[in-house]
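# Structural description and commentary
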Amino acid sequence: MSKEQIQNEEADYGDLMTVGPVRQRIIRFAVPVFVGNLFQQLYNTVDSLIVGNFEGSTALAAVSSVGNLVFLLIGFFNGIAIGAGVVIAHCIGARKEKETELAVHTAVAVGLVCSVVMTVAGVLLTPLFLQWMGTPDSVMPDAVSYLRIYFAGVAGLIMYNTFVGILQAAGDSRHPLYYLIFSSGINIVLDLVLIAGLHMGVAGAALATVISQVLSAILSMVRLVRTKEVYRLRPRSICLNGRMVSKIVQIGIPSGLQNSIIGLSNVVIQSYINSYGEMAMAGIGAYCKVEGFAFLPVTSFAMALTTFVSQNLGANEKERVGKGVHFGVLCGLILAELVGAVLFLFAPQLVAAFDRTPEVIAYGVARARVVTPFFFLCAYTHIMAAILRGAGHANVPMVIFLVCWCAIRIVIIAGVGMFVQDIAITYWVYPMTWGMSTAALWVYWHRKRGDLQQA
């Protein structure tokens, strides 16, 4: 393909990943995704930093303890957005203009439906969800306040993920980055005004997050409406096309269930942590905020590989798929261990940034020192799951996650917890199950690699 042909195709289809140097295309996509995810992670982290320093350990425990519940509830809908992105990327890779347009408008319609469902369910059922988690009475009022405000504006997050999924399916990871930088700055300013200035506590933190998420969604939507490329959004064309919905849910539901499976196991583990009181909740919650940053390089490569594999299989570029998979896995493993080493060494300082209480720091550091040496196992699992989703085989990682990251974790926590009262159980359960999922995915990929590249 000539340089002029490539330029003409990119003008119609965005930043195609089916042409050009494999490594360069993946890195060019992954770097903006990484920086964008970095700013998105700032949403909740800035909330926790400001809440912990201005409102104390109880408020920090409230904000920290709801993270797993939020992931459980919205993870399913975000999985649907992932499914939509895979379908759109495949259509773009195959140069099917009409199918691309139909997939885009169906994805937006599905996102709107998910937004309504999540808003109603989240606002109404928040107290019940927190009771199921065994949230302590001292934390309950703040946790309810935070979650209800968060879910009242959750449409902003769901629609942002939908719009960004469309942009990234076309290979555009730069514009979402710009929008996140802007909205993250707004979030920080609002946190300082509402929490430090107006003393609104956790309600102010939730409100700042909601406003920032809505701004991100609006900016992404404007980009899609104004673009001249094939994935342009025309509001009047938004519809639920049955055939396209079926394609989206075939990948989206397993991806969503995978997210919810992870969230469910983490909620069970969080319930066990809650039984150790506010200091444990605050310390481990602070560490988890730091860990969220640590895995951003890995998740960025995983997202890049999903789009890369889907586009190239749509274009029947099988050799490029193999090269991209090899490069992405290698980069992910190296990055995971480098970040893990840094986190292992500087855990006390990083946790102390959220709360200087010695007991809080001790809990956070203990968790870090157990799990960080095994980050490469978690990285391999996430990257291979992303590759399989891009190949249209989302059911396989879903089943592996269900068994290893949900069922086995819950059995360990429930079974061992009956005889041994030690919070360290919640630390070791992660590397143990990461190793199991890594082994299962490695065996599956090496047995089915040829068939998957025929997808």
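This one's a predicted model, so the numbers in the text were calculated from it and none came from an experiment.

Definitions and limits used
- Residues numbered from 1 in each chain as written.
- Predicted model: local features only at pLDDT ≥ 70, side-chain atom pairs only at ≥ 80, totals over all residues.
- Heavy atoms only, no water.
- Helix = DSSP H or I, 4+ residues; strand = E, 2+ residues; numbered from the N terminus.
- Buried < 20%, exposed > 50% of the residue type's maximum accessible area, 1.4 Å probe, protein only.
- Contact = heavy atoms within 4.5 Å.
- Areas by Shrake-Rupley, 256 points an atom, 1.4 Å probe, with all protein chains shown as cover.
- Salt bridge = Lys/Arg side-chain N within 4 Å of Asp/Glu carboxyl O.
- Lys, Arg positive; Asp, Glu negative; His and termini not counted.
- Axes fitted to C-alpha atoms, helices over the stretch in contact; angles between N-to-C directions.
- Parallel < 35°, antiparallel > 145°, perpendicular 65-115°, else oblique.
- Left-handed = near helix turned anticlockwise from the far one by under 90°.
- Nonpolar A, V, L, I, M, F, W, Y, C, P; charged D, E, K, R; others polar.
- Core = buried A, V, L, I, M, F, W, Y, C linked by side-chain atoms within 4.5 Å.
- Expected span 1.5 Å × (residues − 1).
- Patch = residues over 30% accessible without salt bridge, like charges linked within 9 Å, V, L, I, M, F, W, Y side chains within 5 Å.
- Phe/Tyr/Trp six-rings, centres within 6.5 Å; stacked < 30°, edge-to-face > 60°.
- pLDDT = per-residue confidence, 0-100.

## Structural notes on the overall build of the chain
Along the chain, the regular secondary structure elements total 17 helices and zero strands. Counting across all 455 residues of the chain, residues that qualify as buried make up 58%. Here the contacts in the chain between residues at least 6 apart in sequence split such that 84% fall between residues at least 24 apart. Of the roughly 17,700 Å² of accessible surface on the chain, 66% is carried by carbon and sulfur atoms.

## Quick look at unusual backbone geometry
Trans peptide bonds make up most of the peptide bonds, and negative phi angles are found at most residues other than glycine. One non-glycine residue with positive phi stands out, namely N316, at about 60°. By relative accessible area, N316 is classed as exposed at 53%.

## Things to note about the pattern of salt bridges
For the structure on display, the rule yields four salt bridges. A cluster of three or more residues bridged by salt bridges with shared partners is formed by E99, R243 and K247.

## Details of the environment of V87
Mapping V87 onto the fold places it in helix α4 (residues 67-93). Taking the C-alpha atoms as reference points, V87 and S310, separated by 223 residues in sequence, lie 7.9 Å from one another.

## Some details on the side chain of R409
Locating R409 in the fold gives a position in helix α16 (residues 395-419). It is E291 that comes nearest to the buried, bridge-free R409 among opposite-charge side chains, at 8.6 Å. Excluding anything up to four places from it in sequence, R409 contacts S265, N266, I269, C404, V429, Y430, T433 and W434.

## Observations regarding the packing of helix α8 (residues 174-197) against helix α9 (residues 201-226)
Two elements in contact, α8 and α9, have axes separated by 8 Å at closest approach and are oriented at 155°. As judged from the angle between their axes, α8 and α9 are roughly antiparallel. Of the two possible hands of crossing, α8 and α9 adopt the one that is right-handed. For the contact of α8 with α9, the class distribution of residues is 13 nonpolar, nine polar and two charged.

## Things to note about the nonpolar core
With 133 residues, the main nonpolar core has F375 and I387 as its most contacted residues. Beyond its immediate chain neighbours, meaning those up to four positions away, I387 contacts L305, V309, V325, V329 and W445.

## Section: the environment of I361
Along the chain, I361 falls in helix α14 (residues 358-371). With 74 residues separating them along the chain, I361 and Y287 place their C-alpha atoms 8.8 Å apart. Beyond its immediate sequence surroundings of up to four residues, I361 is in contact with P348, V351, A352, D355 and R356.

## Some thoughts on the packing of helix α11 (residues 278-294) against α14
Two elements in contact, α11 and α14, have axes separated by 7 Å at closest approach and are oriented at 45°. Classified by the interaxial angle, the pair formed by α11 and α14 is oblique. The handedness of the crossing between α11 and α14 is right-handed. Contact with α11, carried on its side by M279, A280, A282, G283, I284, Y287, C288 and E291, involves E359, V360, Y363, G364, R367, A368 and V371 of α14 and no other residues of that element. Taken together, the residues of the contact of α11 with α14 break down into 10 nonpolar, two polar and three charged.

## Some remarks on α8
Given a rise of 1.5 Å per residue, 24 residues ought to cover 34 Å, and the 34 Å separating the end C-alpha atoms of α8 matches this to within 8%. Among the residues of α8, those classed as buried are H175, P176, L177, Y179, L180, S183, S184, N187, L190, D191, L194 and I195.

## Some points on a nonpolar patch on the surface
A cluster of nonpolar side chains, V116, V120, L124, L125, L128 and W132, forms an exposed patch at the surface whose accessible area comes to about 610 Å². Along the polypeptide, L128 turns up in helix α5 (residues 97-132).

## A closer look at the packing of aromatic side chains
Per the stated rule, a full pass over the model turns up 10 aromatic pairs. Measuring from ring centre to ring centre gives 6.3 Å for Y146 and Y150, while their planes differ by 20°; the resulting arrangement is stacked. Linking Y146 with Y150, this pair stays in helix α6 (residues 140-152), spanning four residues, or about one helical turn. In this structure, Y146 and Y150 share a single accessibility class: buried.

## What about the environment of I261?
Mapped onto the secondary structure, I261 falls in helix α10 (residues 242-274). When the C-alpha positions of I261 and F71 are compared, they lie 9.9 Å apart, and in sequence the two are 190 residues distant.

## So, helix α7 (residues 154-169)
A rise of 1.5 Å per residue sets the reference length of α7, with its 16 residues, at 22 Å; its end C-alpha atoms lie 23 Å apart and thus fit the reference within 8%. A large share of α7 lies buried, amounting to 15 of its 16 residues. Just past α7, the residue G171 takes up positive phi, approximately 90°.

## Points about the confidence of the model for the chain
For the chain, the average pLDDT comes to 83, and 89% of its residues sit at 70 or higher. The secondary structure element of the chain with the lowest average pLDDT is helix α1 (residues 3-13), at 46, and the one with the highest is α14, at 93. Per-residue pLDDT stays below 50 along residues 1-14; that stretch engages in 27 contacts with residues further than four places along the chain or on separate chains.

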